[in-house]
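# Descriptive analysis of the structure
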Amino acid sequence: MQFDEFSEKLSLMETTESRLKIRDYLFDLYNNLNKNERQFTTYLLQSRIFPAYLNKELNIGQSIIIQAISKSFGQSMNEIEKKHLELGDLGETAECFAEKRKQKSLFSKKITLLEVYDTLKKLVDTTGKNSTESKINLISSLYNNTNPKETKYITKLILKSLRLNLGIQTIIEACALKVIKDLGYKTHDENMQEYKKIKETIDLKQSVCNDLGKVVSDIWNFGFKSIDKITIKPGIPIKCALGEREKSPEAIIERLGYCLVEGKYDGFRTQVHKGEKIQMFSRRGENSTNYFPEFGPLLEKAKHSFILDCEAIGFNSKTKKFLSFQETIKRKRKYDIKEMSEKIPVKLMVFDVLYLDGKETLQLPLKERRKIVEKIVKEINNSNIQTTIAIKTNKSKELKSFFDNCLNLGLEGIMAKDLNRSYVPGSRDFGWIKLKKNYLSGQADSFDVCIVGYFCGQGKNKTMPSSLLCAVYDEDKNTYNVITKVGSGLTEDQMISFKAEFETITTKKPENINTNLEPDMYVEPKFVIEIICDEITKSPLYKFTKGFSFRFPRFIKIREDKSPQDTTTIEEIEEMYYLQHSI
DNA sequence: CTTGGCTGCCC
DNA sequence: ATTCTGC
DNA sequence: GCAGAATGGGCAGCCAAG
C-alpha cells in the first residue's frame, strides 16, 4: 500500500468517534493490505514498531521531532514550539509547515507504507555517537518525500500519539468481524453469541503471545483455526491480569461474596518463567531477568517448570519492613546489579501460577491455582520467595481488619479475588478488585496549593490549561515554591473556566515564584486548589520544597474560601512525610 | 571528564 | 498510576 | 462498565554539550 493511501485511512479513523465504525474501517484497511503488511501495520496502529517484549524503542520524542521539522522546513525552533502550543499536536504542527513548503517540492517520489516502516526500523537501530543527528536526517529524508498529510502521520507514528480512538479491543473486533464473515454471516449481529466467543478467543490468544500483530496476520492470512496453535510457553511473556478499584470493603464483598483477599505489595510486577532456562518479565512484557540474579539459584531448586505471577519488592532485613517503591525501583537497572542486589535485597511475593509442567493452569479456578502456588513456594523453601499473605472471607468486617493489618505491615492495601475464576490474561475487571487507603472516603492525604502557572494540553485538551503548576507559600520569604504539577481530575468544564479566569491574570514570571519547571504561562497567585495524592515523595526535581512532591497527584476542587497565602505549608508537608514512614 | 536534557518504563 | 468521557 | 485518551512523580540509561 502507498503511504498516502494509508494516511487517508488514518485520517478517516481519527475523525470518527463511533468504535463500531472504526472497526469497520479497520476491517477494510486489513482487506486492502497485502499478506506481508498486516503484521507490522498492526504494530503501527498500536503506536509500536515491534511487539513490546522485544525491548526495542525509537527513543525519539518531541525534542528531536522539533529539530527535524526545523531542519526540513527551515523554521526556527521557537516558531515550531509556538505553533505546537497553538495546535496541541506536533503532527499537525509538522503538517502545517509542510503545507507552506508544498509548492517547492513537486517532484518528490511516492513512498510506500513498507518504506516508512523500514525507515522506522532503521531509526530504532540508530544509536551511539552522533545518532541524534542521524535520526534527524532520517526523519528529514522522510519529510522530504511526503505530502503534508503523510508528514502529519509519520510524525504521529514516531511520537506514538496517533489518537485514533482505536486500541487493542477495536482491532480484535475487526478480526472477529473477519472470522464471522468467513463463516458466512453478513454482519456481526447475525450471530452475536458466536461473535462474542470469537472475540474472547482472539483476545486470549493475543494476550498469551503478547503479539496482536501476529494474531491479526494469522487470522487474515491463514484463517481463524490457525491461531489454535498459539499456546503458553515458558520464555514468552503473557499479558498480566489487572484489577479494578472499589471504594469500600462492603462494596467488594457485595461483588465477590466469599473471596480470596491478599496483601497488595508496592513493588515491581514480575512474571517468572522456568522452562529450559529461567526468565522474568515486567508488566509490559519487558525482559527483566537481569535485574534479579539472586532468584536464579533458588528457582532452580524447584523440580517443576512453571510460570508464576509475582511482585518483586525491596525488603530491609534489619527492620523487617518492605521498602518504598522509590527504593525498589532502583533495582530496575542495567549496571551495578551485584552491588545493588546487596544494598536493596528484594523478595519475590508469589500470587498466581499460569503454567505448570507443560500444561496451562490458566483455566483452573483461583482456589486450585493458589494451592499450586503454595506447593511450589514450599518446595523452594527460602524466605526470599514467599506467597502473598492472604485470607478467605465473605465478611466485610474481616476484610477491613485484614486491610488494616496490611497497612500496618507497610503494604499498599489489598487485592480481593474471585476464588472460582480462571486467570484472564490482559483483563482489568472486577474479577480482581483492589483497595487502597485513599479509595476510602476522606482517607486520602489532602493539600491546598496555589496555582502559579499552567501548561497547555495535547490532543483533546489542545489550547486548554490541562496541567496546573502548583506551589506552596512561604510566609517568611514571601515566596511561592513549586511542589507539583496536577492535571488528572480536571474536567473539560473546569479547564474551560480556568482558561477564562487565567486570561486576566497571565503574567511574566513573578519575582517571588521559585520553580525548576518552566510553564507555558505564568499566572499571578490567585487560585488555591485542593489536591490529593497517595504519598509524599522526596524529589530531585522540586528543589524549592525541601525536595518534597506528591505521588499520583489529582485535582479535587477550587478552594474559593482561601487566599494565596493560605496554602498548606512545607513544614506541615514535611511532618506528614516523616509520619508516613514511621508506620 | 562531568553535567544536564531527553526518553522510556515503572508505579 | 488516576481520572474523565463517549458509547 | 468498557475502552480509550488525557494527566502525574521519579528512576536509569543514553547522548550531546560543556
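Residues numbered from 1 in each chain as written. Chains lettered and ligands numbered in written order. Predicted model: local features only at pLDDT ≥ 70, side-chain atom pairs only at ≥ 80, totals over all residues. Heavy atoms only, no water.

### Some points on the pattern of salt bridges
A complete count under the given rule lists 40 salt bridges for this structure. The partner of arginine 23 in a salt bridge is aspartate 24, with the nearest N and O atoms 2.9 Å apart. Judged by relative accessible area, which is 4%, arginine 23 ranks as buried. Since its relative accessible area comes to 32%, aspartate 24 is described here as partly exposed. In this structure, the salt-bridge partner of glutamate 535 is arginine 551, at a minimum N-O distance of 3.1 Å. Here glutamate 535 is found in strand S20 (residues 535-538), whereas its partner arginine 551 is found in strand S21 (residues 548-551), with 16 residues between them in sequence. (Salt bridge = Lys/Arg side-chain N within 4 Å of Asp/Glu carboxyl O. Buried < 20%, exposed > 50% of the residue type's maximum accessible area, 1.4 Å probe, protein only. Helix = DSSP H or I, 4+ residues; strand = E, 2+ residues; numbered from the N terminus.)

### Re the state of the cysteines
Counted according to the given criterion, the structure contains zero disulfides. Its sulfur unpaired, cysteine 240 is 9.9 Å from the next cysteine sulfur, which belongs to cysteine 310. (Disulfide = S-S within 2.5 Å.)

### Focus: the pairing of strand S14 (residues 465-474)
With nine of ten residues buried, S14 is to be regarded as a mostly interior element. Inspection of the sheet shows S14 paired to strand S15 (residues 479-486) by seven bridges, in the antiparallel sense. Bridge pairing in S15 places alanine 471 opposite valine 482. (Pairing = 2+ DSSP bridges.)

### Some thoughts on the protein's contact with DNA strand C
In the region of DNA strand C, 14 residues are neighbours, and Arg245, Arg283, Tyr439, Ser488 and Arg554 sit closest. Of everything in DNA strand C that lies within 4 Å of the protein, sugar and phosphate atoms constitute 95%. At 3.1 Å from a phosphate oxygen of DNA strand C is found a main-chain nitrogen or oxygen belonging to glutamate 492. Taken together, the residues that form the surface near DNA strand C break down as three nonpolar, three polar and eight charged. (Near = heavy atom within 4 Å. Polar contact = N/O pair within 3.5 Å; in protein donor to acceptor, adjacent residues only side chain to side chain. Nonpolar A, V, L, I, M, F, W, Y, C, P; charged D, E, K, R; others polar.)

### What about the pairing of strand S19 (residues 528-533)?
With respect to burial, S19 is a largely interior element, six of its six residues being buried. Judged by which residues are buried, S19 turns out to be covered on both faces: Val528, Glu530 and Ile532 on one side and Ile529, Ile531 and Cys533 on the other are all buried. As paired elements, strand S13 (residues 445-456) and S19 share six bridges and run antiparallel to each other. Considered in S19, the bridge of serine 446 is made with isoleucine 532. Two elements, S19 and strand S22 (residues 554-558), share four bridges in a ladder whose sense is antiparallel. The partner of isoleucine 529 across the bridge, within S22, is isoleucine 558.

### Observations regarding the sheet that holds strand S2 (residues 259-264)
Strand order across the open sheet formed by five strands is S1-S12-S11-S2-S10, with mixed pairing between neighbours. This sheet does not close on itself; its edge strands, each paired only once, are strand S1 (242-245) and strand S10 (390-393). Between one strand and the next, the sheet's axes are offset by a mean angle of 35°, whatever the strand orientation. Sheet topology places S2 next to S10; four bridges connect them, and they run antiparallel. Its bridge partner lying in S10, valine 261 is registered against isoleucine 391. Of the strands in this sheet, S2, S10 and strand S11 (413-418) touch helix H17 (residues 366-380), which is tilted by about 50° from S2. Against the sheet, helix H18 (residues 396-408) contacts S2, S10, S11 and strand S12 (428-436), and its axis sits at roughly 140° relative to S11. (Axes fitted to C-alpha atoms, helices over the stretch in contact; angles between N-to-C directions. Contact = heavy atoms within 4.5 Å.)

### Digging into the packing of helix H7 (residues 113-124) against helix H8 (residues 131-143)
The description of two helices packed together rests on the angle between their axes and the distance between the axes. In the contact formed by H7 and H8, the axes pass within 10 Å of each other and the chain directions differ by 170°. Judged by the inter-axis angle, H7 sits roughly antiparallel to H8. Residues Val116, Thr119, Lys122 and Leu123 of H7 form the contact with H8, whose own contacting residues are Lys135, Leu138, Ile139 and Leu142. (Parallel < 35°, antiparallel > 145°, perpendicular 65-115°, else oblique.)

### What to know about the protein's contact with DNA strand D
Around DNA strand D, the surrounding shell holds 43 residues, and the nearest of these are Gly128, Asn165, Lys334, Thr537 and Tyr542. Of everything in DNA strand D that lies within 4 Å of the protein, sugar and phosphate atoms constitute 96%. Between serine 131 and DNA strand D, the recorded distance is 3.0 Å, taken from a backbone N or O atom to a phosphate oxygen. Taken together, the elements giving at least two residues each to the surface near DNA strand D come down to H8, helix H10 (168-182), S14, S15, S20 and S21. The biggest single contributor to the surface near DNA strand D is H10, with three residues. Per-class residue counts for the surface near DNA strand D are ten nonpolar, 22 polar and eleven charged.

### Observations concerning the domain arrangement of chain A
Here chain A is described as being made up of domain 1 (242-440) and domain 2 (447-580). For domain 1 and domain 2, the distance between their C-alpha centres works out to 35 Å. Counting residues at the interface gives five residues for domain 1 and six residues for domain 2. Buried area between domain 1 and domain 2, both sides added, is near 450 Å², and the carbon and sulfur share of it is 24%. The salt bridge partner of arginine 551 is aspartate 266, with a shortest N-O separation of 2.7 Å. Here the residues of the side of domain 1 that touches domain 2 are counted per class, giving one nonpolar, two polar and two charged. (Domains from an automatic or database assignment. Buried area = accessible area lost by both parts, 1.4 Å probe.)

### A short note on the side chain of serine 288
Position of serine 288 relative to the elements: it lies in the loop between strand S4 (278-281) and helix H14 (295-300). Judged by its relative accessible area of 0%, serine 288 falls in the buried class. A polar contact is formed between the side chain of serine 288 and the backbone nitrogen of phenylalanine 281, at a distance of 3.4 Å.

### Brief notes about unusual backbone geometry
Phi angles above zero are rare outside glycine, and serine 47 is one such case at about 60°. Within the element layout of this structure, serine 47 appears in the loop between helix H3 (38-45) and helix H4 (62-73). In the Ramachandran plot, asparagine 210 falls in the positive-phi region, its phi being about 60° despite a non-glycine side chain. Note on asparagine 210: relative accessible area 10%, which makes it buried.

### A word on helix H12 (residues 212-222)
Where burial is concerned, most of H12 is hidden: nine out of the eleven residues are buried. Listed as buried for H12 are Leu212, Gly213, Val215, Val216, Ser217, Asp218, Ile219, Trp220 and Asn221. In this structure, the buried side of H12 is in contact with helix H2 (19-32), H3, H10 and helix H11 (192-209). Just downstream of H12 lies glycine 223, where phi reads positive at about 95°.

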